[in-house]
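Residues per chain, in single letters:
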Amino acid sequence: MPKKYIRRIVCVLMIIATVFNCNYAGATDIEREGQIDARSDNLLTADVTFTISAYGAASISAGVAGVNGTTKVVMTVKLQRYNTSTSSWERVQNWKVTENGKMAEFEDVYGLFTHGRYRVRIVAVITRNGVDEQIAFNSVEHVY
């Protein structure tokens, strides 16, 4: 069976297990709040919600909205794992959402196969009046 189908089956099973058992004992929160650059001229609101179930289902929900006059929002959602040997965040999976309008939204569940410390980083480019402005912020970290 192709790897793609196995991953989908595992994700569906994790979602089902999460729905019927809301025990998050396998994931530990590290209390650090995300940072949003308050000096942004084009940003109206930004949010990211990130959880990991005991079975490794990483649930991600994110949204970025620009102020009135925003014509385009490009949001990159980056699921990252911390590498203790290099003391840096490494790419697990990236998603890109492009919306012609003032808001971009994203929602997905991703099956984790490796235990470790995870976060979601959002990088968004908001276009208003022909000028691009980039913002970036992180979710709360979780250990799986």
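On a predicted model such as this, the values are computed, not experimentally measured, just so you know.

The next point concerns the overall build of the protein chain. For the protein chain, the count of helices and strands is one helix and nine strands. From first element to last, N terminus to C terminus, the protein chain shows the α and β order α-β-β-β-β-β-β-β-β-β. Buried positions account for 40% of the 144 residues belonging to the protein chain. A total of about 8400 Å² of accessible surface is found on the protein chain, and carbon and sulfur atoms cover 50% of it.

Another aspect to go through is the packing of aromatic side chains. For the structure on display, the rule yields three aromatic pairs. With a centroid separation of 5.9 Å and 80° between ring planes, the pair formed by W95 and Y110 is classed as edge-to-face. You can see W95 sitting in strand β5 (residues 88-99) and its partner Y110 sitting in strand β6 (residues 103-111), a full 15 residues away along the chain. Both residues of the pair, W95 and Y110, belong to the buried class.

The subject of this paragraph is the sheet that holds strand β2 (residues 43-52). Either a parallel or an antiparallel arrangement is found when strands of a sheet pair, and the pairing is made through backbone hydrogen bonds. Taking strand neighbours across the sheet as the criterion, the three strands line up as β2-β3-β6 in an open arrangement whose pairing is antiparallel. Of all strands in the sheet, those with a lone pairing partner are β2 and β6, marking the two edges. Between one strand axis and the next, the sheet turns through 5° on average, direction left out of account. Of the strand pairs in this sheet, strand β3 (residues 57-66) and β6 are connected by nine bridges, and their pairing is antiparallel. Counterpart to S59 in the pairing with β6 is V109.

Counting residues in each nonpolar core, the largest one holds 28 residues, and the members touching the most others are V64, M75, L79 and I122. The set of elements that each furnish at least two residues to this core consists of β2, β3, β4 (70-83), β5, β6, β7 (117-128) and β8 (131-138).

Moving on to the confidence of the model for the protein chain. Predicted confidence across the protein chain gives a mean pLDDT of 83, with 73% of residues reaching 70 or more. Segment residues 17-35: pLDDT under 50, and 34 contacts once partners within four positions in sequence are set aside and those in other chains are kept.

On to the pairing of β4, then. Sheet analysis places β4 next to β7, joined by 11 bridges and oriented antiparallel. Pairing of T76 across the sheet is with V123, part of β7. Direction of pairing for β4 relative to β5: antiparallel, over a ladder of 11 bridges. Across the sheet, residue T76 finds its bridge partner in β5, namely K96. From the end of β4 to the start of β5, which pair antiparallel, there are four residues, and S87 there has a positive phi angle of about 55°.

With that out of the way, let us pick up the side chain of H142. Relative to the helices and strands, H142 resides in strand β9 (residues 141-143). Among the polar contacts listed, one links the side chain of H142 to the backbone oxygen of F50, at a separation of 2.6 Å.

Cut-offs used in this document
Residues numbered from 1 in each chain as written. Predicted model: local features only at pLDDT ≥ 70, side-chain atom pairs only at ≥ 80, totals over all residues. Heavy atoms only, no water. Helix = DSSP H or I, 4+ residues; strand = E, 2+ residues; numbered from the N terminus. Buried < 20%, exposed > 50% of the residue type's maximum accessible area, 1.4 Å probe, protein only. Areas by Shrake-Rupley, 256 points an atom, 1.4 Å probe, with all protein chains shown as cover. Phe/Tyr/Trp six-rings, centres within 6.5 Å; stacked < 30°, edge-to-face > 60°. Pairing = 2+ DSSP bridges. Axes fitted to C-alpha atoms, helices over the stretch in contact; angles between N-to-C directions. Core = buried A, V, L, I, M, F, W, Y, C linked by side-chain atoms within 4.5 Å. pLDDT = per-residue confidence, 0-100. Contact = heavy atoms within 4.5 Å. Polar contact = N/O pair within 3.5 Å; in protein donor to acceptor, adjacent residues only side chain to side chain.

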